[in-house]
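Residue strings, one per chain:
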Amino acid sequence: MAKSVTIDELHLTIRIPGDLPDDAAEGVRETLAGDEFMSRLRRAVRVAVREFPALAVVRLSLTR
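Now for a quick tour of the structure. What you see is a predicted model, and the numbers here were worked out from it, not measured in a lab.

This paragraph deals with the overall build of the chain. Within the chain one finds 2 helices and 0 strands. For the chain, the C-alpha atoms occupy an extent of roughly 50 × 20 × 20 Å along the three principal directions. For the chain, the residues scored as buried account for 5% of the 64 residues in total. A total of about 6,300 Å² of accessible surface is found on the chain, and carbon and sulfur atoms cover 55% of it. Across the chain, 10 positive and 10 negative side-chain charges occur, with their mean positions spaced 12 Å apart.

Given below as structure tokens:
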């Protein structure tokens, strides 16, 4: 039997204004690609999940 089963997937869509200057858009891209952003996002997801006792049994993965 499988160790775990995927029951849901959530996708985060990040949008920027269409008229954002290229240098500002590049700053957004660099921030999103950085380790610090992913680390903080993982931490925030863990905090949110801990607020729901029924989710104590779930395993999460966050990928790019």
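Applying the stated criterion across every chain yields a total of 2 salt bridges. Across the pair Arg29 and Glu26 runs a salt bridge, and its minimum N-O distance is 3.3 Å. Placement of the pair is Arg29 and Glu26 together in helix H1 (residues 22-33), with a separation of 3 residues, close to one helical turn. Put simply, Arg40 and Glu36 hold a salt bridge, and the shortest N to O gap is 2.7 Å. Of the two residues, Arg40 and Glu36 are both situated in helix H2 (residues 35-50); the distance of 4 residues between them amounts to about one turn of the helix. For Arg40, a relative accessible area of 53% corresponds to the exposed category.

A word on a nonpolar patch on the surface. Where nonpolar side chains cluster on the molecular surface, the patch consists of Val45, Phe52, Leu55, Val57, Val58 and Leu60 and spans about 530 Å² of accessible area. Inspection of the secondary structure puts Phe52 in the segment after H2.

Criteria and cut-off values
- Residues numbered from 1 in each chain as written.
- Predicted model: local features only at pLDDT ≥ 70, side-chain atom pairs only at ≥ 80, totals over all residues.
- Heavy atoms only, no water.
- Helix = DSSP H or I, 4+ residues; strand = E, 2+ residues; numbered from the N terminus.
- Buried < 20%, exposed > 50% of the residue type's maximum accessible area, 1.4 Å probe, protein only.
- Areas by Shrake-Rupley, 256 points an atom, 1.4 Å probe, with all protein chains shown as cover.
- Lys, Arg positive; Asp, Glu negative; His and termini not counted.
- Charge placed at Lys NZ, Arg CZ, Asp CG, Glu CD.
- Salt bridge = Lys/Arg side-chain N within 4 Å of Asp/Glu carboxyl O.
- Patch = residues over 30% accessible without salt bridge, like charges linked within 9 Å, V, L, I, M, F, W, Y side chains within 5 Å.

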